[in-house]
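Letter by letter, the chains look like this.
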Amino acid sequence: MTEERTWDVEEALAVALAPDAAYAVVADVRRMKDWSPEVIRVWLRGRRFVGVNRRGPWVWFTTCRVVIADPGREFAFDVTSFGLPIARWGYRFAAVEGGTLITEYWSDHRRTGWRRRVAELLGLVFTGTPPAQRAARNRAGMRTTLVRLRAACGGGP
């Protein structure tokens, strides 16, 4: 029996900052280690950065490229590993009473062909997570990330 694959995940939480200020916090990717349950280090190189991640005994790195940088509205980056497309991670910002609704989203780019199989195998080896379980793991990580991000932004509205 095969599990139904989830390709896209979103989670949202309001913070007590204006959209431009919330965007500035998120767009400083060096701080991602402060709220992500997996990121332990980020090396920034212009619009590109390398993320070092850890979950339990598994440690892996990713190469990321900022693809959307629209202050106060959206910030997103594409993730690759060994040159293979992995995913897009992003954040949308919408003004709400007393602050900003931040929506974190993830879209799996491992969808077709031989690259998918290789990327999924690498993902399993480096993260310990089977492909069909990655969306659920990411959703849980997003919830943790957003709660920590809200604390860093001074709470919620």
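What comes next concerns the included structure. (Residues numbered from 1 in each chain as written. Predicted model: local features only at pLDDT ≥ 70, side-chain atom pairs only at ≥ 80, totals over all residues. Heavy atoms only, no water.)

## Structural notes on the packing of aromatic side chains
One pass over the full model with this rule turns up six aromatic pairs. With centroids separated by 6.0 Å and ring planes inclined at 85°, the aromatic side chains of Tyr-23 and Phe-75 adopt a geometry described as edge-to-face. In this pair, Tyr-23 sits in helix H1 (residues 19-27) while Phe-75 sits in strand E5 (residues 74-81), placing the two residues 52 residues apart along the sequence. Of the residues examined, Tyr-23 reaches a relative accessible area of 9% and is grouped as buried. Judged by its relative accessible area of 3%, Phe-75 falls in the buried class. Ring geometry for Phe-49 and Phe-77: centres 5.0 Å apart, planes at 70°, overall edge-to-face. Of this pair, Phe-49 sits in strand E3 (residues 48-55) while Phe-77 is found in strand E5, placing the two residues 28 residues apart along the sequence. Here Phe-49 matches Phe-77 in class, with each residue buried. (Phe/Tyr/Trp six-rings, centres within 6.5 Å; stacked < 30°, edge-to-face > 60°. Helix = DSSP H or I, 4+ residues; strand = E, 2+ residues; numbered from the N terminus. Buried < 20%, exposed > 50% of the residue type's maximum accessible area, 1.4 Å probe, protein only.)

## Some thoughts on the nonpolar core
Proteins that are soluble and globular tend to have nonpolar side chains buried together. Judged by nonpolar contacts, the single largest core of 31 residues is most densely connected at Phe-75, Phe-77, Tyr-91, Phe-93, Ile-102 and Leu-149. Per-element tally for this core: the top contributor is strand E6 (residues 84-96), with six residues. Not counting the four nearest positions on each side in its chain, Tyr-91 is found in contact with Val-26, Met-32, Arg-73, Glu-74, Phe-75, Phe-77, Ile-102, Thr-103, Glu-104, Tyr-105 and Thr-145. (Core = buried A, V, L, I, M, F, W, Y, C linked by side-chain atoms within 4.5 Å. Contact = heavy atoms within 4.5 Å.)

## With respect to the pairing of E6
Note that E5 and E6 share eight bridges and pair antiparallel. Within E6, the residue paired with Ser-81 across the bridge is Leu-84. If you look at the hairpin formed by E5 and E6, you'll find two residues sitting between the two strands, and Phe-82 has a positive phi there, around 55°. Pairing geometry for E6 and strand E7 (residues 99-108), over ten bridges, is antiparallel. In the sheet register, Val-96 faces E7, and the bridge partner there is Gly-99. (Pairing = 2+ DSSP bridges.)

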